[in-house]
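Spelled out from the first residue to the last, the chains are:
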Amino acid sequence: MRNIKSIMLNTLFSCSLLFSCTTELAPIDVTYTVENTTDLEINIRFYNKLNKSLVSETSTNLEYKGAQLSETIYDIRIKDKSNGLPTSAFKADSVVIIFNKQRFYTCIYNTSLKEFHPSTSRNIFNHDNYDHLEGDHYFFKIIQEDYNKAQDCNGNCK
């Protein structure tokens with residue numbers, strides 16, 4: 001009986017040590033790249049709804065097929081690369097993607113509710129919608145289907 005108590009106490013002590021130990025996560029840099037794979041001129045405008053402002057440092061034109069925009073989050077410590085990281089990389093929570101000044105597509109990430117609009121697989125803020133390249137580099141392609149689903153603005157998209 002005394003032996004069983006000793007084993008139980010040792011087991012309990014070992015378990016408490018196991019669960020009380022925390023491992024420090026190594027810092028990593030995560031890069032998100034967006035590429036225009038269409039034959040259309042694309043204007044990407046990132047917005048921060050909290051500040052109600054255009055984020056000029058990440059907003060850009062992707063004027064030709066193959067043009068890319070890359071942003072990196074430096075020295076972050078995360079357990080999983082789930083949703084929210086693209087919003088940090090692009091310093092925004094909403095984006096308007098304009099195709100040839102004719103059609104536009106909007107993506108939003110509600111940071112407080114942790115919800116995407118649209119909730120489909122074509123939201124630029126959803127980490128799960130990116131292809132994993134190598135290391136901590138992720139890739140999102142703007143495709144013809146995005147243009148086809150975009151709303152018409154009769155050539156007056158600004």
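Residues numbered from 1 in each chain as written. Predicted model: local features only at pLDDT ≥ 70, side-chain atom pairs only at ≥ 80, totals over all residues. Heavy atoms only, no water.

**Considering the environment of E71**
We count it as follows: Numbering goes from the N terminus for both helices and strands, where a helix is a DSSP run of H or I of at least four residues and a strand is a run of E of at least two.
Within the secondary structure, E71 sits in strand β5 (residues 68-76). On a C-alpha basis, the gap between E71 and T33 in space is 6.6 Å, while along the polypeptide they are 38 residues apart.

**Observations regarding the pattern of salt bridges**
Rule in force here: One side-chain nitrogen of Lys or Arg within 4 Å of one carboxyl oxygen of Asp or Glu is enough to make a salt bridge. Summary of the burial criterion: residues with accessible area below 20% of their type's maximum are buried, those above 50% are exposed, and those between are partly exposed, where the area comes from a 1.4 Å probe applied to protein chains only.
Tallied over the entire structure, the rule returns 2 salt bridges. Across the pair R122 and D146 runs a salt bridge whose closest N-O atoms are separated by 2.7 Å. With R122 in the loop between β8 (115-117) and β9 (131-132) and D146 in helix α3 (residues 144-149), this pair connects stretches of sequence that are 24 residues apart. Taking the relative accessible area as the measure of exposure, D146 reaches 4% and is therefore buried.

**A look at the state of the cysteines**
Quick reminder of the rule: The disulfide criterion is simple: two cysteine sulfur atoms within 2.5 Å.
All told, the structure shown has 1 disulfide when counted by the stated rule. Two residues, C153 and C157, share a disulfide whose sulfurs are 1.7 Å apart. Its S-S torsion of approximately -115° makes the covalent link between C153 and C157 left-handed. A single burial state applies to C153 and to C157, both of which are buried.

**Details of the packing of aromatic side chains**
The condition that has to hold: Only Phe, Tyr and Trp rings take part, Trp by its six-membered ring, and two of them pair if their centres are within 6.5 Å. Stacked means planes under 30 degrees apart, edge-to-face means over 60, and tilted covers everything else. Only Lys NZ and Arg CZ are tested; either one counts as a charge over a ring when it is within 6 Å of the ring centre and within 35 degrees of the ring normal.
Tallied over the entire structure, the rule returns 7 aromatic pairs. Members of the aromatic cluster, joined through ring pairs, are Y32, Y130, Y138 and F140. For the cation-ring pair, R103 lies above Y147, with the distance from its terminal atom to the ring centre recorded as 5.1 Å.

**Observations regarding the pairing of strand β1 (residues 28-36)**
The test is simple: Pairing between two strands is assigned when DSSP locates at least 2 bridges connecting them.
Taken across its 9 residues, β1 has 7 buried, putting it largely inside the fold. One ladder, built from 7 bridges, connects β1 with β5; its direction is antiparallel. Across the sheet, V30 pairs through a bridge with I73, a residue of β5. Taken together, the 6 bridges between β1 and strand β10 (residues 137-142) define a ladder with parallel strand orientation. When the sheet's bridge partners are listed, E35 is paired in β10 with K141.

Don't take any of this as a statement about function, it's just geometry.
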